[in-house]
Amino acid sequence: MRFSQMPANKRIVVSYALCPDMLGSGFGTAHHDAFLHLKDAVNDAIAHAENVHVTCPRGTDYTGQPQLKLTPGSDTSIRRFPMSVPTPIPAHSFSGRVAMPGFLTGTGSQYYTPYSVEFQGEVYALFEHGRLTGFEGDPESVAVANRHYDHVATSLGIDRDFVHSWHAGIHPGCGFPGTARDSYERWGGSGFGNPRVLHFHTCGSYAPGEISWNVIDPTVTVDGVKLWDNGRLRIDNLKESNALMDMFPCAAQVFANPDDRIGL
């Protein structure tokens, strides 16, 4: 419902803690303000960067100069709890390839059938300056990906090859119970908050698009400094981190004991 029409002049909050276990874990109990400050620190580091390079163990490799404009309209107006992602980074200045983790799934913007497709072989999405230029890898799996994009774009009347934006999780307490295959809709509504997951908004010239690409255990290098390192958010590489962790020891505890469950 987070993308539905909401009443005006109301405070709207969406909770990404999907069950009592998540609410009672470090995900739900670490101080909310700590992750609001952390989001701002990550945004600031990326917005002032000259170059960002992203890789992952499966073969993701893309780079670009982030053109992140931190204005009131650059992020959602809905309040999110827990705060688990920074502001999406526009993809129009990035190019490279993204390794799929064995599936494509929706973004929660609209629901269609099939909502997800799985692959038997490796699939890589190739993109240039925010445009999908094709898929490569196992031929049968590539055909599945292309059919899915054709179907979703044609059914909804949207720009098939538009790659809108991307961001990675910042909350190491965001452990996903169960497996993604049990319900990709449920997984896609929360699992992205873990630093082990980076996701793209694609298929549609708007956020969040209709099909997500999910990068597992990303390394995000910002001007030569690793801000994410193989799925770990390196808060020690943020200028504000020491003061922030001193102010919020509950958040420091979550970083010291990350929940690695991402449903995959």
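Data block above holds the structure.
Described in the following lines is the structure provided in the data block. (Residues numbered from 1 in each chain as written. Predicted model: local features only at pLDDT ≥ 70, side-chain atom pairs only at ≥ 80, totals over all residues. Heavy atoms only, no water.)

Right, let's talk about the overall build of the protein for a bit. Across its full length, the protein holds 7 helices and 16 strands. The C-alpha radius of gyration of the protein comes to 18 Å, within 12% of the 18 Å expected for a compact globule of 264 residues. Taken along its principal axes, the extent of the C-alpha atoms in the protein is 50 × 40 × 35 Å. The buried share of the protein, reckoned over its 264 residues, is 52%. Sequence separation of 24 or more characterises 70% of the internal contacts of the protein that already satisfy a separation of 6 or more. Roughly 12,100 Å² of accessible area belongs to the protein as shown, and the carbon and sulfur atoms make up 50% of that amount. Across the protein, the centroid of the 20 positively charged side chains sits 5 Å from that of the 27 negatively charged ones. (Helix = DSSP H or I, 4+ residues; strand = E, 2+ residues; numbered from the N terminus. Rg over C-alpha atoms; globule rule 2.2 N^0.38 Å. Buried < 20%, exposed > 50% of the residue type's maximum accessible area, 1.4 Å probe, protein only. Contact = heavy atoms within 4.5 Å. Areas by Shrake-Rupley, 256 points an atom, 1.4 Å probe, with all protein chains shown as cover. Lys, Arg positive; Asp, Glu negative; His and termini not counted. Charge placed at Lys NZ, Arg CZ, Asp CG, Glu CD.)

The next thing to look at is the pairing of strand β10 (residues 131–137). As defined by bridge partners, strand β9 (residues 123–128) adjoins β10 across 6 bridges and the pair is classed as antiparallel. In the strand pairing of β10, Glu 128 is matched with Arg 131. (Pairing = 2+ DSSP bridges.)

This brings us to the environment of Pro 86. In this structure, Pro 86 sits in the loop between β4 (79–81) and β5 (89–90). Overall, Pro 86 belongs to the buried group, its relative accessible area being 2%. Along the sequence, Pro 86 and Leu 36 sit 50 residues apart, while their C-alpha atoms lie 9.0 Å from each other.

Turning next to the side chain of Glu 210. Tracing the sequence through the fold places Glu 210 in the loop between β12 (197–202) and β13 (211–216). Setting aside chain neighbours within four positions, we find Glu 210 in contact with Thr 105, Gly 106, Thr 107, Ser 109, Gln 110, Tyr 112, Val 152, Leu 156, Ile 158, Thr 202 and Cys 203.

Tallied over the entire structure, the rule returns 16 aromatic pairs. Members of the aromatic cluster, each reached through a chain of ring pairs, are Tyr 62, Phe 94, Phe 127, Trp 166, Phe 200 and Trp 213. Note that Arg 97 overlies the ring of Tyr 124, its terminal NZ or CZ placed 4.0 Å from the centroid. (Phe/Tyr/Trp six-rings, centres within 6.5 Å; stacked < 30°, edge-to-face > 60°. Lys NZ or Arg CZ within 6 Å of the ring centre and 35° of its normal.)

A few words on the nonpolar core. Core analysis: the largest hydrophobic core is formed by 60 residues, its most contacted members being Leu 38, Trp 166 and Trp 213. Within the second largest apolar cluster, 10 residues are counted, among which are Val 14, Phe 27, Ile 78 and Val 85. (Core = buried A, V, L, I, M, F, W, Y, C linked by side-chain atoms within 4.5 Å.)

Residues other than glycine predominantly adopt negative phi, and peptide bonds predominantly adopt the trans conformation. With an omega of -15°, the peptide bond between Phe 81 and Pro 82 qualifies as cis. Checked against the element boundaries, Pro 82 lands in the loop between β4 and β5. Omega for the peptide link from Ala 207 to Pro 208 comes to 5°, which places this bond in the cis form. Positioned with a positive phi, Asn 230 is a non-glycine residue whose angle comes to about 50°. Taking the relative accessible area as the measure of exposure, Asn 230 reaches 43% and is therefore partly exposed.

Let us look at helix α7 (residues 249–256). By the burial criterion, the buried members of α7 are Ala 251, Val 254 and Phe 255. Viewed end-on, α7 has its buried residues packed into an arc of 100°, placing them on one side of the element. In α7, those exposed residues whose orientation departs by more than 90 degrees from the buried face are Pro 249 and Ala 256. The inward-facing, buried residues of α7 abut α2 (26–29), α3 (32–47), β16 (232–233) and α6 (241–247). (Arc of directions from axis to C-beta.)

With that settled, consider the pattern of salt bridges. Here the structure, examined in full by the defined rule, presents 11 salt bridges. Put simply, Arg 97 and Glu 136 hold a salt bridge, and the shortest N to O gap is 3.2 Å. Of this pair, Arg 97 sits in strand β6 (residues 94–99) while Glu 136 sits in strand β10, placing them 39 residues apart in sequence. Relative accessible area serves as the criterion here: at 27%, Arg 97 is assigned to the partly exposed category. (Salt bridge = Lys/Arg side-chain N within 4 Å of Asp/Glu carboxyl O.)

Spatial strand order, β5-β11-β12-β13-β7-β8: 6 strands in an open sheet with antiparallel pairing. Every other strand in the sheet has two partners, leaving β5 and β8 (116–118) as the edge strands with one partner each. Pairing of strand β7 (residues 103–106) with β13, which is carried by 2 bridges, proceeds in the antiparallel orientation. Within β13, the position partnered with Thr 105 by the bridge is Ser 212. Along the sheet face, helix α4 (residues 139–156) touches β7, β8, β12 and β13 and points at about 145° away from the line of β13. (Axes fitted to C-alpha atoms, helices over the stretch in contact; angles between N-to-C directions.)

The values are spatial; any link to function lies outside them.
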